[in-house]
Amino acid sequence: MESAVDRPLRIMRVCGWADLTPTMRRITLTGEDVGRLGSSGLHARLLFPEGQQPQWPEISADGRPVWNRGQVRMPMRAYTLRNIRAEAGEVDIDFLLHDGDGVAAAWARDVEAGAALGVIGPIGRPVEEADWYLFAGDESSLPPIARMLENLPQDARGLALIEVANAHERQPLNAPAGVEIRWLLRDVRPDQPRGRLLAQMVVETPVPETGRVVCWLGAELTAFQIARAHWRKLGHLDERRMHVAPYWNASKQTRTEAKLLARPGPVELFEPIDAGRLAASWLENLADAQPLEMSKFAATRTLTEVHVASALVEGGATRLDNDWEGIVRALPEAGEVTVVTRNHAAVHRKHGTFDRIMWNEERPVVLDRNINLRIRLESWAHCFFAEAAVSGYGADGLHIFDCYGQSVLHILARTPAGGERLRKLAECFKDSDQTPQIEVRRPSSPAAPLADSEIDAKALAAEWRSMLDTHDIFALARRHGAQRTQSYRLAPDDLARQVDTALFFEVLVESARQGEGVMIFVGSPGNVQIHIGPVHDVAVTADRLSIADETFGLEIVSSLAASCWLVSKPTIDGEIRSIELFDAGGNQIAWIFGERRPGGPQARSWHELLDRVCSEAHVKPGAVPA
């Protein structure tokens, strides 16, 4: 393993820049010992400071930035080291400006001579030697493609597919004569979303069935998913020689959109609390015959759960520092645990281990068969280890909350030995501040939605029908300024149809009866947790649904469900259908898909189940027709 000595933090300065195309800017940095950046790997992690006196982090043994409590965490992005001139002490990095919306693009657009940038690297690895290469990407991955092409052997053979906006975005590339460069221009097909031309060409490009082949792609999430699924279907292509990465996500909220949606005005905080009195009241509650859960207990005092957790710091709880990446990377050491993700209406529990953790920028994805999570570390604000005796959860565990004190994730030990492992993890990340006081924001009211008349429902439906991936639905609603349920309401019946909320529970009962594999999602402010597989022990009462299987548990309070929707999403893998539950404010409580493998279709039996349970006779009275 490389250490911090191998990949130190270099503070480099801007010494010049030039625009290669209307949207690609090359910025030259100068610094010391830059030759070592070319020793291995294509990329580096860049830290973007704010203000004139940035507080730089320490670097861990495995090359990660470690932030002390109270430090402002700098945005970090991975970028290709386009050129390295060791003798001059210079490095070139190409930045795609794309309207200056992202952290890096905004920095590059407004760059000033002498500006500082933190550089950690090198990271990543070049492609292996091969008899034939296929490189595919859009503007975002043009720098690594260009660097890899110019470092290929002169007798290399292959193809590079590069999608750009128009002819002005083409760059001269230095590639061997046997590697064809094919530019795909979006302005030739303005009706196609970004990445569709690239995905189509990848699918249509034959891959040699003999010899060593390498396929590399870096592009938007949808093109990434289509290419990965297609290449995995090719039995003759060695998966170890497939290099596929999502360089950006059209469905992810941009910084500009986040600012537009943010409520103006100063941050409002909760008043300081009497931590001793709160801790004593909580422990008295736990001693009752029927104690309140922490969320309900806190609500009776117009406080949040994180107030209670913090009040316990001097009696059975430990505050952890904010090295969120480090904490996640250490979770496999905890062994088998129970992971709990919940919102105000649903609780999702899974038993398993953190065996497979993958990273997309700073967003970890856990892909264990039982523990399947999509974590947003930017939502994490507070983390505590709490003993079973004081937590109310019946087990030692870690408890993560956002800046508003809302539950993000709970990781609970399954055995006393597991509890000891979590205690040791907490000691490794123990914060120097172990006082019971805490700063918690008060949530602001959400912005009012647009009126239906302000949304182009016809265009929304047309774009919906052109989707190639289920994730496109998030960007679709946002592009049209619509709330999710509003976009469903405005869509035609064959795309989204409102049904009675009771049918959500009936679908689960019927899935259990016929052994249908499902994917059940529940989200919190900083995490989405997924169950994949059949369900068995399903119980529906007047006020709630419960599932109590061997490795999976689910509870949903039915009275908090205000609307339920049957949703159809056209994708490269065929029609993907779901049933989705929302509260009165349009917040998603839980949603269910039929089980499928990435790149594969949904089972016909799932579609038949939905049709059988959610017939037209069950349409909720008063549902707004599309």
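Parameters and conventions
- Residues numbered from 1 in each chain as written.
- Predicted model: local features only at pLDDT ≥ 70, side-chain atom pairs only at ≥ 80, totals over all residues.
- Heavy atoms only, no water.
- Pairing = 2+ DSSP bridges.
- Helix = DSSP H or I, 4+ residues; strand = E, 2+ residues; numbered from the N terminus.
- Axes fitted to C-alpha atoms, helices over the stretch in contact; angles between N-to-C directions.
- Contact = heavy atoms within 4.5 Å.
- Parallel < 35°, antiparallel > 145°, perpendicular 65-115°, else oblique.
- Left-handed = near helix turned anticlockwise from the far one by under 90°.
- Nonpolar A, V, L, I, M, F, W, Y, C, P; charged D, E, K, R; others polar.
- Buried < 20%, exposed > 50% of the residue type's maximum accessible area, 1.4 Å probe, protein only.
- Salt bridge = Lys/Arg side-chain N within 4 Å of Asp/Glu carboxyl O.
- Core = buried A, V, L, I, M, F, W, Y, C linked by side-chain atoms within 4.5 Å.
- Phe/Tyr/Trp six-rings, centres within 6.5 Å; stacked < 30°, edge-to-face > 60°.
- Lys NZ or Arg CZ within 6 Å of the ring centre and 35° of its normal.

K.L.:
Sorry, what's going on with the sheet that holds strand 13 (residues 213–220) here?
P.N.:
As a general point, the strands of a sheet are linked pairwise by backbone hydrogen bonds and lie either parallel or antiparallel. The parallel open sheet is built from 5 strands, whose spatial order is 12-11-10-13-14. Edge strands, defined here as strands with exactly one partner in the open sheet, are strand 12 (179–185) and strand 14 (242–248). Put simply, the sheet's adjacent strands are angled 10° from each other on average, direction ignored. Relative to strand 13, strand 10 (residues 132–138) runs parallel, the two being bridged by 6 bridges. Within strand 13, the position partnered with G137 by the bridge is G218.

K.L.:
I would appreciate a short explanation of the sheet that holds strand 29 (residues 552–557) in the present structure.
P.N.:
Sheet architecture is open: 9 strands sit in the order 15-21-22-23-16-17-29-28-27, paired in antiparallel fashion. The sheet is open, and its two borders are formed by strand 15 (317–319) and strand 27 (538–540), each paired with just one other strand. If you compare each strand with its neighbour and ignore which way they point, the axes differ by 15° on average. Direction of pairing for strand 15 relative to strand 21 (residues 382–386): antiparallel, over a ladder of 3 bridges. Within strand 21, the position partnered with R319 by the bridge is F384. Across the face of the sheet, helix 11 (residues 416–428) comes into contact with strand 21, strand 22 (397–401) and strand 23 (407–413) while running at roughly 130° to strand 23. Strands strand 27, strand 28 (544–548) and strand 29 of the sheet are contacted by helix 15 (residues 502–514), whose axis makes an angle of about 145° with strand 27.

K.L.:
I tried to follow the packing of helix 15 against helix 16 (residues 604–613) on my own but got confused; where do I start?
P.N.:
The contact between helix 15 and helix 16 brings their axes to 10 Å, and the two run at 135°. When the interaxial angle is binned, helix 15 and helix 16 end up oblique. In this structure, the crossing between helix 15 and helix 16 has a hand that is right-handed. In this structure, helix 15 contributes L503, E506, V507, E510, S511, R513 and Q514 to the contact, and helix 16 contributes S605, W606, L609, L610, R612 and V613. Residues belonging to the contact of helix 15 with helix 16 are distributed by class as follows: 6 nonpolar, 3 polar and 4 charged.

K.L.:
What exactly am I supposed to notice about the pairing of strand 29 here?
P.N.:
Regular strands have side chains that alternate between both faces of the sheet. Burial within strand 29 is extensive, with 5 of its 6 residues counted as buried. Pairing of strand 17 (residues 346–352) with strand 29 involves 5 bridges; the strand directions are antiparallel. Bridged to V347 within strand 29 is E555. Pairing analysis gives 5 bridges linking strand 28 to strand 29, with the strands arranged antiparallel.

K.L.:
What is the right way to read the pattern of salt bridges from this model?
P.N.:
For side chains bearing opposite charge, pairing can occur when the charged atoms are close. One pass over the structure, following the stated rule, counts 37 salt bridges. The closest approach of N and O atoms between D110 and R109, which form a salt bridge, is 2.8 Å. Note on D110: relative accessible area 46%, which makes it partly exposed. We classify R109 as partly exposed; its relative accessible area is 40%. R577 is paired through a salt bridge with D611; the nearest N and O atoms lie 3.0 Å apart. Residue R577 is located in strand 31 (residues 574–582), and its partner D611 is located in helix 16; the two are separated by 34 residues in the primary sequence. We classify R577 as buried; its relative accessible area is 13%. The exposure class of D611 is partly exposed, given its relative accessible area of 39%. Connected via shared salt-bridge partners are R26, R82, D94 and E150.

K.L.:
What is the right way to look at the nonpolar core in this model?
P.N.:
As a rule of thumb, soluble globular proteins bury nonpolar side chains together. F504, I520, I547, L554, I556 and I579 are the most contacted members of the largest nonpolar core, which has 32 residues in total. Of all the elements in the fold, those that place two or more residues in this core are helix 15, strand 25 (518–524), strand 28, strand 29, strand 30 (563–571), strand 31, strand 32 (588–594) and helix 16. For this core, the element with the most residues is helix 15, which contributes 6 residues. Those residues in contact with I556 that sit more than four places away from it in its chain are A345, A346, F504, F505, D543, R544, L545, L581, I589 and A590.

K.L.:
Teacher, can you tell me more about the packing of aromatic side chains here?
P.N.:
By convention here, two paired aromatic rings are described through the distance between centres and the angle between planes. The full count for this structure, using the stated rule, is 13 aromatic pairs. Judged by centre distance (5.1 Å) and plane angle (65°), the rings of W282 and F297 are edge-to-face. With W282 in helix 6 (residues 275–287) and F297 in helix 7 (residues 294–299), this residue pair connects regions lying 15 residues apart in the sequence. Comparing W282 with F297, the two get one shared label, buried. Consider the rings of Y488 and F582, whose centres lie 6.0 Å apart with planes at 85°: the pair is edge-to-face. You can see Y488 sitting in helix 14 (residues 484–490) and its partner F582 sitting in strand 31, a full 94 residues away along the chain. Each member of the pair, Y488 as well as F582, carries the same accessibility label: buried. Sitting above the plane of the F270 ring, R442 keeps its charged end 4.1 Å from the centroid.

K.L.:
Even after reading the chapter, I still don't get unusual backbone geometry, so can you show me in this structure?
P.N.:
Leaving glycine out, the prevailing phi sign among residues is negative, and the prevailing peptide bond configuration is trans. In this structure, P122 follows G121 across a cis peptide bond, with omega equal to 5°. If you trace the backbone, P122 turns up in strand 9 (residues 116–123). Phi at D33 takes a positive value of approximately 55°, unusual for a residue other than glycine. Within the fold, D33 resides in the loop between strand 2 (24–30) and strand 3 (43–47). Its identity is not glycine, yet T302 carries a phi of approximately 50°, on the positive side. By secondary structure assignment, the location of T302 is in the loop between helix 7 and helix 8 (305–311).

K.L.:
In this structure, what is going on with helix 13 (residues 472–479)? I would like to understand it.
P.N.:
Each α-helix turn comprises 3.6 residues. Residues three or four places apart therefore point the same way. For helix 13, the complete set of buried residues consists of D472, I473, A475, L476 and A477. In the core, the buried residues of helix 13 are packed alongside helix 3 (196–204), helix 4 (221–233), helix 12 (457–465), helix 14 and strand 30. At the C-terminal side of helix 13, G481 shows a positive phi close to 70°.

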